[in-house]
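Working through the structure, step by step
Chain by chain, the residues run as shown.
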2 protein chains.
Amino acid sequence: MTMQQQVKELVASVLQKAEAAGGLKSVYLVACGGSYAGLYPARYFLDAESTCLRVAQYTSNEFVHVVPKGLGPNSLVITCSFSGATPETAEAGRVGLEHGAQVTALTAREDSPVARNSSRQIFFGLGQEARPSSSSICTALRLAAELVQQTEGFPCYAAFQDALEDKIDMAVSRARAHVTRRMEKLAQKYQDESLYYVVGSGASWGAAYCQAICMFMEMGWLQSSAVHSGEYFHGPFEVTDQETPFLLLLSEGRTRPLDERAQRFLEKFSKKLIVLDAKELGVSVIDKSVAEYFCPVVFGEAARVFSEELAKVRKHPLNIRRYMWQMEY
Amino acid sequence: MTMQQQVKELVASVLQKAEAAGGLKSVYLVACGGSYAGLYPARYFLDAESTCLRVAQYTSNEFVHVVPKGLGPNSLVITCSFSGATPETAEAGRVGLEHGAQVTALTAREDSPVARNSSRQIFFGLGQEARPSSSSICTALRLAAELVQQTEGFPCYAAFQDALEDKIDMAVSRARAHVTRRMEKLAQKYQDESLYYVVGSGASWGAAYCQAICMFMEMGWLQSSAVHSGEYFHGPFEVTDQETPFLLLLSEGRTRPLDERAQRFLEKFSKKLIVLDAKELGVSVIDKSVAEYFCPVVFGEAARVFSEELAKVRKHPLNIRRYMWQMEY
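This text gives an overview of the structure that appears in the document. (Residues numbered from 1 in each chain as written. Chains lettered and ligands numbered in written order. Predicted model: local features only at pLDDT ≥ 70, side-chain atom pairs only at ≥ 80, totals over all residues. Heavy atoms only, no water.)

Per the secondary structure count, chain A includes ten helices and nine strands. Relative to the 2.2 N^0.38 estimate, which gives 20 Å for 329 residues, the radius of gyration of chain A is 20 Å and therefore close to what a compact globule would have. Across its three principal axes, chain A shows a C-alpha extent of roughly 60 × 45 × 40 Å. Here chain A holds 329 residues, and 64% of them are scored as buried. Considering only intrachain contacts with a sequence separation of at least 6, the fraction spanning at least 24 residues in chain A is 76%. Summing over all exposed atoms, chain A offers an accessible surface of approximately 11600 Å²; the carbon and sulfur share of this is 50%. The averaged location of the 37 negative side-chain charges in chain A is 3 Å from the averaged location of its 34 positive side-chain charges. (Helix = DSSP H or I, 4+ residues; strand = E, 2+ residues; numbered from the N terminus. Rg over C-alpha atoms; globule rule 2.2 N^0.38 Å. Buried < 20%, exposed > 50% of the residue type's maximum accessible area, 1.4 Å probe, protein only. Contact = heavy atoms within 4.5 Å. Areas by Shrake-Rupley, 256 points an atom, 1.4 Å probe, with all protein chains shown as cover. Lys, Arg positive; Asp, Glu negative; His and termini not counted. Charge placed at Lys NZ, Arg CZ, Asp CG, Glu CD.)

Here is the structure:
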């Protein structure tokens, strides 16, 4: 069974079970760190495309401590953790089940606490399936699109499936090839920088957040912050100068004007601007009506290449940690 | 008429008008920068306390470009801008009206674009009313509590009103007196720092965001980033060392365990940790059942004192700007 068939059946089954509670009303997206970022495009999608589902995203431990009053038999909790071992996310799943909610776990590991604390599981990122189209972002987007399609219909469903079928995989592999040489050079140029702002919008705010907290802070021990392109002019832009590096994710789709406005300003006042343009990265193979939702997948790959090249010149491998895996905390 | 009476009547009128469209279904909180941060506690409140309203928060320009499909006659758009002059927020109000939604503007200025592009207005922060209880945070919280009270009932409504009546004003004025001497000393100690992480949770993530993007970045030209206490251990904590300053907002209420966990870690691995503890700042005069929602008001004041003292020793007044008010962008 393909992942798409599996997700389709899973959603049908969730909706059927929720019938007894008056129908599905709320969707809670719950995860931590990189997985939180992975769920963000699905949240952005549901906020934009659903007219009937209540949607909220929580970092797992906040969900555990501030159980929303709306959590119950008419809720779906979507937890996400690649390893399935994130304790707060496993606990969030348990809390969901305890309140009678349906819990769908997105994880790579069947024998994991996150998988155990759920009523249904989608295993992603495994073996042959480890393509971008089965990343956490795409798996959560699949689920979100299917939820809208089966509740009220999603007019761009066919284009969305087409993107997931193979176009996103193609786009990501081309994006990597396209940027590698450029990123090698940029890593040389930027090797002594200690701080990066990552600017993005729409679904790709999730990619900006992931690049800031996972790639730069966690894996590079570099100072970083994700800034929404729409918020940039309302405070953050005052730190712009010739010395401060900015990585701008220029999305394809409806929020591109927000990114372009930040780009125009940064090109004028910053000498250290790196632009990743979704158009140049090949997102255009995906139908315009849904391309924006897939930009974060492509940005994630391209920005990762920058971090990989930085890791080489800085001699700071991406897999070393000061605290994580080293101690209890 | 008190602000509370005004908000009560406004919500009754919103709900009555929405009846014709099948009842109020969605609430969109839309603003930029400091006003976005001001609306955040209301969003957190509605996510936690409402079981029927769909809630989403947008930075204004994203709302304008990605009009959610749920926007219509059964939606309430809450826009917020102190000056009422923020173009993106005025445009968001216009988009709301164009789609048949009810738009309530929170602003200080009657003759402003944001006020004009709305169906109802609440004027806050004016003259004698310029107390914390009529700040953007409290005004939005009033509206949110009233929405829950009049749709499904809010069990802690009386305690909430009691906090808004005078306790929050008392707490904020005491907090300022309580921290001033300490902040003078800290500003001396930290005067040469160029970067601050601001860590917080719950409703106070909004205060962390405001302190980072408005007080540090915009007004201090200092590098900064807001980090959710629950996310800290999932990436950001790897930048923790003896040299990096952290400002931790230790909330009262359900998310305090998240903040305390970050505190324990930071006390061990950071030499530059500033803790603002809501308990010590006097939030405890507010009933425990609702205190967490008001923490951001108290943190906003106390952290502002730090920025004011920093401004003095750094000889960088809070009202100077490089770009804002200086040019078109």
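This part takes up the sheet that holds strand 7 (residues 223-228) of chain A. Residues and elements named next belong to chain A. On the basis of which strands lie adjacent, the open sheet formed by four strands has the order 7-6-8-9 and parallel pairing. Each of the sheet's edge strands pairs with one partner strand only, and the pair in question is strand 7 and strand 9 (273-277). The average undirected angle you get between the axes of adjacent strands in this sheet is 20°. Both strand 8 (residues 246-250) and strand 9 contribute to a ladder of five bridges, which runs parallel. Within the sheet, the bridge partner assigned to Leu248 lies in strand 9 and is Val275. On the sheet, helix 10 (residues 291-314) packs against strand 6 (195-200), strand 8 and strand 9 and is oriented at approximately 140° with respect to strand 9. (Pairing = 2+ DSSP bridges. Axes fitted to C-alpha atoms, helices over the stretch in contact; angles between N-to-C directions.)

In this section: the packing of aromatic side chains. If you walk through the whole model with that rule in mind, you get 68 aromatic pairs over all chains. Plain terms: the ring middles of B:Tyr190 and B:Phe306 are 6.3 Å apart, the flat faces sit at 85° to each other, and that makes the pair edge-to-face. Taken as a pair, B:Tyr190 in helix 7 (residues 157-190) and B:Phe306 in helix 10 (residues 291-314) lie far apart in primary sequence, 116 residues in all. Exposure remark for B:Tyr190: the relative accessible area of 2% places this residue in the buried category. Connected via pairs of aromatic rings, a cluster forms that spans A:Tyr197, A:Tyr232, A:Phe233, A:Phe237, A:Phe246, A:Phe265, A:Phe269, B:Tyr323 and B:Tyr329. Note that B:Arg261 overlies the ring of B:Phe233, its terminal NZ or CZ placed 4.0 Å from the centroid. (Phe/Tyr/Trp six-rings, centres within 6.5 Å; stacked < 30°, edge-to-face > 60°. Lys NZ or Arg CZ within 6 Å of the ring centre and 35° of its normal.)

Our next topic: the side chain of B:Ser60. Residue and element names in this part refer to chain B. Tracing the sequence through the fold places Ser60 in helix 3 (residues 60-65). There is a polar contact of 2.8 Å between the side chain of Ser60 and the side chain of Thr89. Discounting residues that sit within four places of it in the chain, Ser60 has contacts with Val30, Ala31, Cys32, Glu88, Thr89 and Ala92. (Polar contact = N/O pair within 3.5 Å; in protein donor to acceptor, adjacent residues only side chain to side chain.)

Turning our attention to the side chain of B:Asp47. Relative to the helices and strands, B:Asp47 is located in helix 2 (residues 33-49). For B:Asp47, which is buried and forms no salt bridge, the nearest opposite charge comes from B:Arg43, at a distance of 4.0 Å. (Salt bridge = Lys/Arg side-chain N within 4 Å of Asp/Glu carboxyl O.)

It is worth spelling out the interface of chain B and chain A at this point. The partner chain A presents 70 residues to the 70 residues of chain B that form the contact. Interface of chain B and chain A: buried area, both sides summed, is about 6000 Å²; carbon and sulfur atoms make up 52% of it. Interface area lost by chain B to chain A is led by B:Arg54, B:Glu238 and B:Tyr323, which between them contribute 13%. On inspection of chain B and its partner chain A, the count reaches four salt bridges. The partner of A:Lys69 in a salt bridge is B:Glu49, with the nearest N and O atoms 2.3 Å apart. Every element with two or more residues in the side of chain B that touches chain A is listed here: helix 2, strand 2 (54-59), helix 3, strand 6 (195-200), helix 8 (205-220), strand 7 (223-228) and helix 9 (256-269) of chain B. Element by element, the count of residues in the side of chain B that touches chain A is highest for helix 2 of chain B, at eight residues. Partitioning the side of chain B that touches chain A into residue classes produces 35 nonpolar, 20 polar and 15 charged. (Buried area = accessible area lost by both parts, 1.4 Å probe. Nonpolar A, V, L, I, M, F, W, Y, C, P; charged D, E, K, R; others polar.)

Here we come to the relation of the copies chain B and chain A. Turning chain B through 180° and shifting it by 0.0 Å along the axis lays it on chain A, with an RMSD of 0.0 Å. Considering both components of the superposition, the chain copies are consistent with a two-fold axis. Closest approach to the rotation axis within chain B is made by the C-alpha atom of B:Arg54, at a distance of 2.3 Å. Take the interface residues of chain B: 100% of them recur as interface residues in chain A, which is what a same-surface contact looks like. (Least-squares fit on C-alpha atoms with pLDDT ≥ 70 in both.)

Quick look at the sheet that holds strand 7 of chain B now. Two strands in a sheet stick together by hydrogen bonds in their backbones, pointing the same way (parallel) or opposite ways (antiparallel). Residue and element names in this part refer to chain B. Pairing within the open sheet is parallel, and its four strands lie in the order 7-6-8-9. Bordering the open sheet on either side are strand 7 and strand 9 (273-277), each of which pairs with just one other strand. Averaged over all neighbouring strand pairs, the angle between strand axes comes to 20°, with direction disregarded. Looking at chain direction, strand 6 and strand 8 (residues 246-250) are connected through three bridges and run parallel.

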